[in-house]
Amino acid sequence: MPDKPSDLVQGTLDMLILKTLALEPMHGYGISVRIEQMSKGVFRLNAGSLFLAIQRLERDGLIDGEWKPTENNRRARYYTLTAKGRKRLNNETREWGRQVTAIARILEAS
Amino acid sequence: MALLRNIATGLRSLFRREQMDRELDEELGTYLEMEAAEKMKQGMGRREAVRAVRLERGSLEITKEVVRSAGWEFFVEMCWRDFRFAGRMLGKNLGFALVTVLVMALGIGASAAMFSVVNAVLLRPLSFNDPDRIVTLSSLWKQDGSHGPVSAPDFRDWHDQSTAFDAMAYYEDDDAAVTASAVAEYAHVAMVSPEFFHVFRVQPVAGREFSPEETKPGSAGAVVIGNASAVNHFGSAVNAVGHKIRFGGRTLEIVGVLPPGFHFPGKSDVWFPSNTLFPDTESRSGHNYSVVARLKPTVTLEQARAQMITIGSRLEQKYPESNTGKNVAVTRTRDDMVSNFRLTLWVMLAAVGVVFLIACANLANMLLAKAVGRTREIAVRAALGASRARIMLQLITESLVMALLAGTVGVLLALWGARVLVALAPADVPRLAEATIDTRVLAFTFIVSVVASLLFGLAPALQVLRVDLNKSLKQGTTRSTAGGLADRLRGTLVVAEIALSMMLLIAAGLLLKSFVALQNVSLGFRPERVLVVESNVLASDLEGQKLATRFYKDLLSNVANIPGVLHAGAARTLPGHASSAGSYWVDYLPQHPDFSKTPNAVFSVVAPGTFATLGIPLLEGRDFNDIDTYNVPFSAIINEKLAKDTFHGQDPIGHVIYWGLDTPDPMRIVGVVGDLRQWGPARSPWPEIFGAYQQHPASSTNLNVVVRTAMAPAALSESIRQKARALSADVPLKFTTMEASLSENVAAPRFRTLLLGVFAALAVCLAMAGVYGVMSYVVGQRSNEIALRMALGASPGDVSRLVLKQALVLTSLGMVIGLACSAAVTRLLQSMLFEVKASDPLTYAVVIAALAGVALAASYVPARRAMRVDPMISLRYE
């Protein structure tokens with residue numbers, strides 16, 4: 001059996017969703033496919049955690065949802081990054097970078 | 001912003017549940033479809049694809065539940081559902097719910113009522129400007145640490161030498177006759193020094209304060225009156241200014257009206273400047289005044305204390321004759337006002353708290369039994385996926401619903417209970433009338449209800465944690481799945497109930513014994529069928545005072561002629577209410593008396609016939625008579641105690657005696673009477689000197705006329721009032737009976753005894769209900785075992801002994817703990833006890849026997865039930 005898809009580091013899912021939406025507005029399935037693609041299959045999202053995160057982000061005003069028809073005539077909720085969401089994304093990306101560098105330094109130190 | 005948005009979305013989903021659900025359904029549906037479509041593109045069949053998605057991404061139903069339960073609104077909704085469920089459960093067990101709510105409401109109501117009294121008397125700040133800075137200064141008697149009134153020269157030194165205060169004033173207050181319109185009425189009058197109003201920062205709502213001129217000795221005088229009297233007599237505060245009132249034989253102008261609600265000291269409604277109408281007493285040993293002051297904003301109470309002690313020591317050195325052993329005490333006025341009642345009130349609140357705890361323990365027991373009955377329901381819920389926390393929350397919600405219902409009923413009970421308490425309490429508890437249900441009492445009640453719900457809801461809820469799912473589902477009966485924890489809890493609760501009621505019973509027993517002792521004390525006179533007429537004649541100089549004694553002379557001879565009057569007399573102070581005491585000397589008056597070595601006596605002034613009226617035996621010599629007038633050498637009558645202490649068996653008649661009341665003139669002893677308990681039943685008799693009223697006119701302007709009657713005393717009030725009115729319209733009268741006046745003496749102990757007795761009785765009833773409940777339950781649980789024993793040959797007697805033994809074990813354990821706690825706690829009561837030790841063995845023995853007896857009685861019924869268990873039926877039933 002190949003490696004199981006990894007669990008996300010706690011708290012990073014929000015950042016990944018924001019990042020995904022930074023390119024273009026997208027629906028839930030789109031987000032999950034995009035994350036899976038971009039991570040080359042390392043992260044596979046459970047529907048529960050995905051929609052939980054979406055609901056949380058929407059309530060915090062970081063993304064906006066809107067019902068729109070899809071290509072094959074169903075209705076889906078498309079999510080857009082808000083200005084606040086963009087700011088948060090920038091902050092978190094920077095912070096993440098700092099932490100990763102720091103952790104890498106510690107790991108390489110020995 | 002984010003918070004608002006969160007709340008808005010939450011609210012939307014709360015109130016538009018269905019739409020939100022549909023949207024979530026649709027969104028998840030689309031998600032599923034899209035992923036399935038993707039899988040179908042790769043060549044899967046549709047059913048297969050959908051199944052694969054489900055496997056990979058998890059069940060959609062669970063996903064929905066997860067997403068839905070993430071918002072705060074879900075919690076609200078859950079609680080609401082729990083509340084509704086709790087309501088339904090209570091509705092189903094209406095009887096049980098009613099009993100629970102009622103028991104709880106009693107506990108909460110009693111606590112809230114008691115707390116409203118504590119709140120009004122002890123906790124609420126005084127209604128003055130910045131009340132925490134107002135302090136009371138008193139003479140500190142170093143010998144016994146007691147606080148007392150202050151002399152005018154001491155006050156002046158304190159005032160002039162201290163720097164810790166913004167203002168300092170002394171006052172003296174009393175009920176006195178004031179004529180604002182036609183007839184004289186009793187008013188509470190305070191004589192205050194110039195800075196008095198600055199201490200309280202109170203400003204007249206109409207008119208002005210006293211002018212400096214008006215506060216000087218010999219001024220024409222002026223008064224300030226309270227708003228209520230102004231409105232009563234003159235229509236409004238503004239109208240009152242400029243009017244005149246008669247007081248102390250003078251006509252005085254009203255120069256100002258104080259704001260509504262200001263009544264310090266006591267219930268004062270007339271204030272006039274000190275040292276004008278009545279000159280200050282100039283002796284340093286004449287302790288006649290009370291002192292209040294306002295601390296400077298930068299000075300703490302401790303700093304003020306330190307400064308005053310320095311000043312006090314300085315005065316001690318400078319005036320050793322009068323000030324040795326005397327210093328200054330500084331206390332916050334609020335603490336000073338309630339110092340007598342603080343302990344009583346806290347003890348009562350603690351007692352009511354104990355009753356409340358017992359009620360909680362009882363309910364915990366009832367709910368525990370219920371919870372055991374519901375084990376199966378709970379097991380089913382757990383099996384269907386409810387978490388333990390979730391189930392506990394639901395159980396606690398149920399008890400919370402009951403507690404809040406009980407709290408509401410409790411507040412209603414407290415409204416009524418507070419009134420009862422106010423009516424029962426001694427009349428001189430300050431600010432008691434303000435006992436109302438305010439926000440603080442409501443908050444208290446609410447907290448108490450929530451605490452109660454936790455106390456009695458938590459035990460059963462905790463027990464749920466121990467339930468073994470499999471076992472209880474398999475067994476399917478409500479029996480014997482309770483587990484050891486529940487049994488232990490139940491036992492513990494009963495033990496606690498017994499221990500707590502033991503403490504209350506012992507406290508109540510001690511107070512009761514002490515109260516009975518107080519009641520049985522021989523007072524030295526016969527108070528029954530004696531009418532008391534308080535009166536007050538206006539007089540500010542010797543001529544006026546002599547007119548006053550003339551008034552009493554006429555009144556007494558007129559009253560003696562009323563049919564039904566057996567004897568009549570008059571006394572300045574009634575027995576049990578002694579107010580003045582001081583040094584006395586026999587045979588010669590030293591030039592420079594050493595006050596620390598002279599004996600003390602109570603000083604009294606009486607009219608002829610008073611001893612006969614009150615039933616005080618004349619042991620030797622004669623009573624006063626009409627010959628004892630102002631113009632002849634003075635006579636005195638002493639009591640037995642003084643004769644014994646000072647004359648050591650010699651005949652005191654014919655000796656002369658000097659006292660420190662109003663005259664340095666010698667008084668010849670003409671009689672000896674029996675001893676009285678002048679200070680009330682709690683203190684033994686002091687030496688006492690009686691003077692004849694006509695010879696001490698200054699002390700005889702306000703006498704209590706006493707009348708021994710052949711019928712009920714009150715029946716004579718009207719004819720006596722007419723006689724007095726015929727003599728003067730300026731004399732206000734207040735009628736009471738000797739017995740009523742004496743009962744004021746024991747009002748505080750009566751209040752304590754009654755209340756604690758009621759609480760203890762309540763506690764015992766509740767605890768016995770607890771014992772009964774538990775033993776019944778135990779018999780129910782053990783009916784198999786009992787049946788088996790009986791089948792194997794145990795007699796009914798053996799079985800009932802078995803049950804009683806278990807009850808006895810619980811009871812004695814509770815009593816041992818209760819005894820230990822009582823021994824520790826009742827020591828607090830010692831200061832409230834009269835002729836009874838806190839460790840009184842008889843009280844302990846009686847309480848132990850009574851409690852054990854009652855506990856056995858409470859378990860007797862369950863024991864009987866155990867005896868009647870039919871082994872055949874019981875075993876077959878299983």
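Residues numbered from 1 in each chain as written. Chains lettered and ligands numbered in written order. Predicted model: local features only at pLDDT ≥ 70, side-chain atom pairs only at ≥ 80, totals over all residues.

S.K.: Would you take a moment to explain the overall build of chain A for this structure?
M.R.: Secondary structure assignment for chain A yields 4 helices and 3 strands. If you list the helices and strands of chain A from N to C, you get α-β-α-α-β-β-α. The buried share of chain A, taken over its 110 residues, is 29%. (Helix = DSSP H or I, 4+ residues; strand = E, 2+ residues; numbered from the N terminus. Buried ≥ 20, exposed ≤ 12 C-beta atoms within 10 Å, placed from the backbone.)

S.K.: Would you take a moment to explain the domain arrangement of chain B for this structure?
M.R.: You'll often see interface size given as the accessible area lost when the parts meet. Along its sequence, chain B is organised into domain 1 (2-70), domain 2 (74-128 + 340-481), domain 3 (144-324), domain 4 (486-521 + 740-878) and domain 5 (537-731). Taking the mean C-alpha position of each, domain 1 of chain B and domain 4 of chain B sit 62 Å from one another. (Domains from an automatic or database assignment.)

S.K.: What am I meant to see in the interface of chain A and chain B here?
M.R.: On the side of chain B, 20 residues touch chain A, which itself brings 15 residues to the contact. In terms of residue count, helix α3 (residues 47-59) of chain A provides more of the side of chain A that touches chain B than any other element does, 6 residues in total. Of the residues assigned to the side of chain A that touches chain B, the class counts are 5 nonpolar, 5 polar and 5 charged. (Contact = placed C-beta atoms within 7 Å. Nonpolar A, V, L, I, M, F, W, Y, C, P; charged D, E, K, R; others polar.)

S.K.: Help me understand unusual backbone geometry, please; the structure alone is not making it clear to me.
M.R.: Leaving glycine aside, a negative phi is the common case for residues, and trans is the common case for peptide bonds. All names here are of chain B. Each neighbour pair has its own omega, and for Phe264 with Pro265 the value is -10°, a cis peptide bond. Phi is positive for Arg201, close to 50°, though the residue is something other than glycine. Examined against the element boundaries, Arg201 turns out to sit in the loop between α8 (196-200) and β6 (206-207). Positive phi outside glycine occurs at Asn275, with the angle close to 60°. Looking at where Asn275 falls in the secondary structure, it is placed in the loop between β10 (270-273) and β11 (287-295). Of the residues examined, Asn275 has 17 C-beta atoms within 10 Å and is grouped as partly exposed.

S.K.: Got a minute to help me understand the sheet that holds strand β2 (residues 63-69) of chain A in this structure?
M.R.: Note on sheets: strands pair through backbone hydrogen bonds, and any given pair is parallel or antiparallel. Residues and elements named next belong to chain A. In space, the 3 strands of this open sheet follow the order β1-β3-β2, with antiparallel pairing throughout. One side of each edge strand has no neighbouring strand; the edge strands of this open sheet are β1 (26-27) and β2. Across 2 bridges, the pairing between β1 and strand β3 (residues 75-81) is antiparallel. Residue His27 lies in a different strand from β3, and its bridge partner there is Tyr78. (Pairing = 2+ DSSP bridges.)

S.K.: Would you mind showing me how to read the environment of Val352 of chain B here?
M.R.: Residues and elements named next belong to chain B. Positionally, Val352 belongs in helix α14 (residues 342-373). Along the sequence, Val352 and Met114 sit 238 residues apart, while their C-alpha atoms lie 7.4 Å from each other. Every residue in contact with Val352, bar those within four places of it in the chain, is listed here: Ala110, Ser111, Met114 and Phe759.

S.K.: Any chance you could explain the nonpolar core here in plain terms?
M.R.: If you look at soluble globular proteins, the nonpolar side chains tend to sit buried side by side. All names here are of chain B. Counting 120 residues, the largest nonpolar core has Leu137, Val178, Val223, Ala570, Ala636 and Ile689 as its most contacted members. Lining this core are residues from two domains, each supplying at least three of them: domain 3 (144-324) and domain 5 (537-731). In contact with Leu137, other than residues within four places in its own chain, are Val150, Trp158, Val291, Ala293, Met308, Val328, Ala329 and Val330. Ala110, Leu363, Leu432 and Val869 belong to the second-largest nonpolar core, a separate cluster that totals 111 residues. (Core = buried A, V, L, I, M, F, W, Y, C linked by C-beta atoms within 7 Å.)

S.K.: What is the right way to read the environment of Phe603 of chain B from this model?
M.R.: Residue and element names in this part refer to chain B. In this structure, Phe603 sits in strand β16 (residues 600-606). Taking C-alpha positions, Phe603 is 22 Å from Asn323, a pair spaced 280 residues apart along the chain. Look past the residues within four positions of Phe603 in its chain and what remains in contact with it is Ser580, Ala581, Gly582, Trp659, Leu661 and Ile689.

S.K.: Teacher, can you tell me more about the pairing of strand β13 (residues 530-535) of chain B here?
M.R.: Successive side chains on a regular strand alternate, one facing one side of the sheet and the next facing the other. Residue and element names in this part refer to chain B. In terms of burial, β13 is largely enclosed, as 5 of its 6 residues are buried. Note that β13 and strand β22 (residues 704-709) share 5 bridges and pair antiparallel. Directly across from Val533, in β22, lies its bridge partner Val705. Across 5 bridges, β13 lies against strand β23 (residues 733-737) in antiparallel orientation. By the bridge assignment, Val533 is partnered in β23 with Phe735.

S.K.: Would you mind going over the packing of helix α25 (residues 747-781) of chain B against helix α28 (residues 841-867) of chain B with me for this structure?
M.R.: All names here are of chain B. Between α25 and α28, the least distance of the axes is 8 Å, while the angle of their chain directions is 25°. As judged from the angle between their axes, α25 and α28 are roughly parallel. Of the two elements, α25 crosses α28, and the hand of that crossing is right-handed. Here α25 contributes Val764, Met768, Val771, Tyr772, Met775, Ser776 and Val779 to the contact with α28, which in turn contributes Val854, Ala855, Ala858, Ser859, Val861, Pro862, Arg865 and Ala866. Here the contact of α25 with α28 is composed, by residue class, of 12 nonpolar, 2 polar and 1 charged. (Axes fitted to C-alpha atoms, helices over the stretch in contact; angles between N-to-C directions. Parallel < 35°, antiparallel > 145°, perpendicular 65-115°, else oblique. Left-handed = near helix turned anticlockwise from the far one by under 90°.)

S.K.: Can you help me understand the environment of Phe759 of chain B in this one?
M.R.: Positionally, Phe759 of chain B belongs in helix α25. Ignoring anything within four residues of it in the chain, the contact list for Phe759 of chain B reads Ala351, Val352, Val355 and Leu504 of chain B.

S.K.: Explain the packing of helix α7 (residues 152-161) of chain B against helix α11 (residues 301-318) of chain B to me, please; I cannot follow it from the model alone.
M.R.: Helix-helix packing is characterised by the crossing angle of the two axes and by the distance between the axes. Residues and elements named next belong to chain B. At a closest axis distance of 10 Å, the pairing of α7 and α11 adopts a crossing angle of 130°. For the element pair α7 / α11, the angle class is oblique. Here α7 runs over α11; the crossing is right-handed. For the pair α7 and α11, contact is made by Asp154, Asp157, Trp158 and Gln161 and by Met308, Ile311 and Leu315, respectively. Of the residues assigned to the contact of α7 with α11, the class counts are 4 nonpolar, 1 polar and 2 charged.

S.K.: Which parts of the structure should I look at to understand the confidence of the model for chain B?
M.R.: Low pLDDT means the predicted coordinates in that region are not meant to be read closely. Looking at chain B, pLDDT values average 84 and 95% of them are 70 or higher. Counting interchain partners and residues more than four positions distant, the pLDDT-below-50 stretch residues 476-482 of chain B has 13 contacts. (pLDDT = per-residue confidence, 0-100.)

S.K.: I keep staring at helix α26 (residues 783-791) of chain B and nothing clicks. Help me out?
M.R.: Since the α-helix advances by 3.6 residues per turn, residues separated by three or four positions end up pointing in the same direction. All names here are of chain B. Among all positions in α26, only Ser783, Ile786, Ala787 and Met790 are buried. One face of α26 carries all of its buried residues, which in axial projection span an arc of 100°. Two residues or fewer after α26 comes Gly793, characterised by a positive phi angle close to 110°. (Arc of directions from axis to C-beta.)

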